[in-house]
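So the chains spell out like this:
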Amino acid sequence: MTQPSTALDVDQKGHRDFLNRYYGISRYFYDLTRKYYLFGRDRALRQLAAEQNWSRLIEIGSGTGRNLRKLRKLRPDASLGGVEASDAMLDHARARCPHMHFMRGFAEEVDYSKLLGAPPQRILFSYSLSMIQEPVAALEQARRMVAPGGDVVIVDFADLEGLPSTWAAGLRAWLRTFHVNPIEHDFISQHARDIQYGPGRYFVIARL
Ligand SMILES: C[S@@+](CC[C@H](N)C(=O)[O-])C[C@H]1O[C@@H](n2cnc3c(N)ncnc32)[C@H](O)[C@@H]1O
């Protein structure tokens, strides 16, 4: 599937309504269920935590705040925040992460450069880029928001090319029902570097 264009011509209200419906109830059991299929997140978090040259990180599409809470344990000194389009997820994350900073907005356009007082040296997209309607615009915005010399890290569904084709087709069809588009190789290689694939090319970890 081709990734959507850069133009911000999408129905943002419709997207937020979908996210609020989808996560309204599922946010309560989200972390429990997603550990069985959102692979690669902990590897990406460990890699981030091992780097000492950052103290401010913002996650885009921070969901329940699961990744931020894990990072807090690994890097208690860091200042952490999240940008989230879904009101349901935002309320949930704010309640569960009282010492972190969150803002409501769409990754493609919201200005989050001051959320932590100064631009973040790391921006994390964890299984959010595949759900964002305009991923190119979201990455361009991240490039504008990140501090000079900082990095944007992506972990997400990859092209599934190493899986048996019937499994890959079934998984793609299932993901489409949740408005998720796996990240294609052409797309990631055009926009990112340091590309690491997980087994079966199920997930990808990459940097801008
Ligand atoms: C699959 S969840 C991943 C949550 C979390 N990052 C994780 O790894 O568990 C995708 C998240 O991205 C959010 N999202 C989707 N489109 C977005 C957009 N355009 N801007 C900001 N957040 C968005 C969703 O509301 C949801 O919380």
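Conventions adopted
Residues numbered from 1 in each chain as written. Predicted model: local features only at pLDDT ≥ 70, side-chain atom pairs only at ≥ 80, totals over all residues. Heavy atoms only, no water. Helix = DSSP H or I, 4+ residues; strand = E, 2+ residues; numbered from the N terminus. Buried < 20%, exposed > 50% of the residue type's maximum accessible area, 1.4 Å probe, protein only. Phe/Tyr/Trp six-rings, centres within 6.5 Å; stacked < 30°, edge-to-face > 60°. Pairing = 2+ DSSP bridges. Axes fitted to C-alpha atoms, helices over the stretch in contact; angles between N-to-C directions. Contact = heavy atoms within 4.5 Å. Arc of directions from axis to C-beta.

A. Looking closely at unusual backbone geometry. Within the chain, Y127 stands out as a residue other than glycine whose phi angle is a positive 50 degrees. Along the chain, the position of Y127 falls in the loop between β4 (122-126) and α6 (135-145). Classification of Y127 by relative accessible area gives buried; the value is 8%. Despite not being glycine, D194 shows a phi value in the positive range, around 50 degrees. Tracing the backbone shows D194 in strand β6 (residues 193-197). Accessibility expressed as a relative area gives 46% for D194, which makes it partly exposed.

B. View of the packing of aromatic side chains. Counted under the stated rule, the structure contains nine aromatic pairs. Aromatic side chains Y23 and Y30 sit 5.8 Å apart centroid to centroid with 65 degrees between the ring planes, which places their arrangement in the edge-to-face category. Here Y23 matches Y30 in class, with each residue buried. For the pair Y127 and F157, a centre-to-centre distance of 4.8 Å together with 80 degrees between the ring planes defines the contact as edge-to-face.

C. Spotlight on the sheet that holds β4. Spatially, seven strands are ordered β3-β2-β1-β4-β5-β7-β6 in an open sheet, and the strand pairing comes out mixed. In the strand order of this sheet, the two ends are held by β3 (101-104) and β6, each with one partner. Put simply, the sheet's adjacent strands are angled 15 degrees from each other on average, direction ignored. Examined bridge by bridge, strand β5 (residues 151-157) and strand β7 (residues 203-207) share five bridges and lie antiparallel to one another. Along β7, the bridge assignment pairs V155 with I205. Sheet strands in contact with α6 are β4 and β5, and its direction is about 160 degrees off that of β4.

D. Broad picture of helix α3 (residues 41-50). For α3, the full list of buried residues reads R41, A44, L45, L48 and A49. The buried residues of α3 all sit within an arc of 135 degrees when viewed along its axis, so they share a single face. Counted as exposed and oriented over 90 degrees from the buried face of α3: R46 and A50. Contact partners of the buried residues in α3: α2 (30-34), β1 (56-60), α4 (66-74), β4, β5 and β7.

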